[in-house]
Amino acid sequence: MKINRFYLGIGACLVLSYLATAYVDNQYYFFAGFAILQLMVMALAWNILGGYAGYVNFGSAAFFGIGAYSAIVVLELFDATFFTQIIAGGCFAGLIGFATGYLTLRLRGVYFAIATLALLVVAETLIVNWDYVGGAAGAYVLPTKNPTILGVLIVGKTEALFGNYKELLFFIMCMITLATIVICRFIENSKFGRGLAALRDNEEAAECMGVPTLKLKLIATSLSATIMGITGGVFPYYMTFIDPVSAFNLDISVNALAMPLIGGTATWIGPVLGALILGGLQQVVTVTISSSANLLIVGLCLVAFVIFAPNGFLGLIKKYRKNGN
Amino acid sequence: MLAGGEPPANINLWNVSMFSFELLLNAIVIGIFLGGFYAALSIGLSISFGLLDIVNIAHPAFIILGAFICFIFNSHYGLDPILIGIISAPVFFLLGLLIYRIYYERFEKIGAEPLRGLAFFFGLMFIVEVILIMSFGVDYQMVHADYIDYKATFGVIDIPFRMFVPFAIAIVMVIGLQLFSSRTFFGRAMQAVAQDSLALRLMGINPVKIKMIAFGLSLATCSIAGALLVIIMPIEPSVGRLYIGQVFAIVVLGGLGSQSGTLIAAMLLGLLESLVTTFFGPSWSPAIAFSALILVLAFKPTGILGRVGDTRG
């Protein structure tokens, strides 16, 4: 019964988000919504490795940027469609994630964290020096006019599924977010998730009990990187322009890590809650104060939460309830 | 016509080979200076990360903070940047004591997951950077002193004092710390904390106090390293990130906690970077340290002079 309720909720969110694109006129909501959803997917993906397995990834932006630039490369090479692009972004980021994990996951967790940060700088340097995808100057992505799927017009002024591209991308981002939530929940309840939890608590003990730790860590890293890559693959289309600075921005890494830590890392609810709170706050602060102030708030919240509320917002709620009873 | 055309071609060839030989020599000299400077950047981390096992990922951010303090006092009062670095070192020392205190109380003492400690320093790094951006913007800032523009020439080799002065200070600092940690009581206690802090406790010494002072010391080096950085090149708040790769690559490559290993690794990296910058262009240089780091982690995680088994576990 409970599972059904969960999937009903997911389905309802999907329908609601489509209805929103049909009936809401103010484009700012889609802009802000897209930003928050993007943060949410990154946070959920980070949590697969960071929350469930306890391995910190500082290079979320690297996988995001690799996804974005893979999309650009397949666009330049084959004139690929939008969906091919995001799939390519996911696959390539997943491969890089697997390779990074394979090289460093046998060491202490700290080294994996530093290596992912290293990956971020190496990937950015490669793209800056690669003129084919625009180099340091960046590249423009122009959306195709009147795209159709199975003869149905997707984007157009009249008689189309979506009024404009921003609405379409908002809806796609909703689908990605919901799919990621389903994946995360599935992991939590599976043997795979329990294996990750075991190695997070005590890797040696888990290994002794027959948990294939390296294999699980590699799967988690690749999966997390793939989701980040898919999110990155949507990004160039959304911005219609991409350059190495925005694709490989450290802010993306900080947000992806701060949101689960602020919300709570144990379940998928934590990153979602963290993204809603912090992402919403950021939108408000960006509009009312300035965009660098919003980064300061993320940093301060992150430090405050890791010092004073190690189990995040959900941990606080649990503690409060316990005290209340 | 043909005969007249040949000699210039020969001379030109000869010139080219001479030119690249000169270039190579100069690249090596600059590489050595750069290596010394890198040693100054990473010596503090070799204490905090190598000896105390505190993954202070904010180390480069504190170096940038030190550099900006130099910039402020230099542009307002015209003080010498190195002097400012030395004067502000005690303040950084106190800051280090405070940070270690928080770190100890909230993470080390209660045996929190290493993830949280990492996130704590990552957050600190981000806060320092954002505050600097908010107060100084993203423009490049530089300092002024008489020796910065001075350049000595020996034959074909140029010695820019902009590089030489930081190199000299860095070497003095690294050798000083090496002597300090091998000759003095406190230095040996610092090594002992890394090896067996329980044994230290049984000897009647409080390891937490030793670690606190050692961490303060590691942060104090940031102040001086920052002064050297701002002498060598103009800075802006976010350049700190680029040095994360350098400092961690050097500390791991040098073998955790080994000061002489750190110096050797810094020299190697400095030379490599100078050669690549000279022959392939500066836009490639950020990737070198990080590639070196990934390769070291993948193939030689115990470093050059490291103890076996340091990085595994």
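Described in the following lines is the structure provided in the data block. Keep in mind that what you see is a predicted model, and the values were worked out from it rather than measured. (Residues numbered from 1 in each chain as written. Chains lettered and ligands numbered in written order. Predicted model: local features only at pLDDT ≥ 70, side-chain atom pairs only at ≥ 80, totals over all residues.)

Helix and strand counts for chain A stand at 14 helices and four strands. Radius of gyration (C-alpha) of chain A: 20 Å, near the 20 Å computed for a compact globule of 325 residues. Across its three principal directions, the C-alpha atoms of chain A cover 60 × 50 × 40 Å. Classification of the 325 residues of chain A by burial places 48% in the buried group. (Helix = DSSP H or I, 4+ residues; strand = E, 2+ residues; numbered from the N terminus. Rg over C-alpha atoms; globule rule 2.2 N^0.38 Å. Buried ≥ 20, exposed ≤ 12 C-beta atoms within 10 Å, placed from the backbone.)

Let us now look at the environment of Ser 182 of chain B. By secondary structure assignment, the location of Ser 182 of chain B is in helix α5 (residues 161–183). Through-space distance from the C-alpha of Ser 182 of chain B to that of Gln 259 of chain B is 10.0 Å; in sequence the pair is 77 residues apart.

Right, let's talk about helix α5 (residues 109–128) of chain A for a bit. Between its first and last C-alpha, α5 of chain A extends 29 Å over 20 residues, near the 28 Å set by a 1.5 Å rise per residue. In terms of residue burial, α5 of chain A counts as a mostly covered element, since 19 of its 20 residues are buried. (Expected span 1.5 Å × (residues − 1).)

A few words now on the interface of chain A and chain B. Interfaces are often sized by the amount of accessible area the parts lose when they come together. Listed per partner, the contact involves 36 residues of chain A and 39 residues of chain B. Of all the elements in the fold, those that place two or more residues in the side of chain A that touches chain B are α4 (82–104), α5, α11 (250–263) and α13 (291–308) of chain A. Per-element accounting of the side of chain A that touches chain B gives the leading share, 13 residues, to α5 of chain A. (Contact = placed C-beta atoms within 7 Å.)

Here we come to the packing of helix α3 (residues 60–78) of chain A against helix α9 (residues 213–239) of chain A. Residues and elements named next belong to chain A. Viewed as axis vectors pointing N to C, α3 and α9 meet at an angle of 50°, and their least axial separation amounts to 6 Å. Between α3 and α9, the angle falls in the class oblique. Crossing handedness for the pair α3 and α9: right-handed. Listed contacts from α9 to Ser 60, Phe 63, Phe 64, Gly 65, Ile 66, Gly 67, Ala 68, Ser 70, Ala 71 and Ile 72 of α3 are Ala 225, Met 228, Gly 229, Ile 230, Thr 231, Gly 232, Gly 233, Phe 235 and Pro 236. (Axes fitted to C-alpha atoms, helices over the stretch in contact; angles between N-to-C directions. Parallel < 35°, antiparallel > 145°, perpendicular 65-115°, else oblique. Left-handed = near helix turned anticlockwise from the far one by under 90°.)

We now examine the environment of Phe 164 of chain B. Residue and element names in this part refer to chain B. The residue Phe 164 is located in helix α5 in this model. Separated by 131 residues in sequence, Phe 164 and Phe 33 have C-alpha atoms that sit 6.2 Å apart. When neighbours within four sequence positions are excluded, Phe 164 is seen to be in contact with Phe 33 and Ile 159.

Before going further, it helps to examine helix α8 (residues 207–232) of chain B. For α8 of chain B, which comprises 26 residues, the first-to-last C-alpha distance of 37 Å matches the rise-based estimate of 38 Å (1.5 Å per residue) to within 8%. Burial runs high along α8 of chain B: 21 of the 26 residues are buried.

A positive phi is found at Thr 240 of chain A, a non-glycine position, where the angle reads about 60°. Its location among the elements puts Thr 240 of chain A in the loop between α9 and β4 (241–242).

Residue and element names in this part refer to chain A. Between α3 and α11, the least distance of the axes is 7 Å, while the angle of their chain directions is 120°. Put simply, α3 runs oblique to α11. Crossing of α3 against α11: the hand is right-handed. Facing α3, whose interface residues are Ser 60, Ala 61 and Phe 64, α11 presents Leu 250, Ile 252, Ser 253, Ala 256 and Leu 257. Taken together, the residues of the contact of α3 with α11 break down into six nonpolar, two polar and no charged. (Nonpolar A, V, L, I, M, F, W, Y, C, P; charged D, E, K, R; others polar.)

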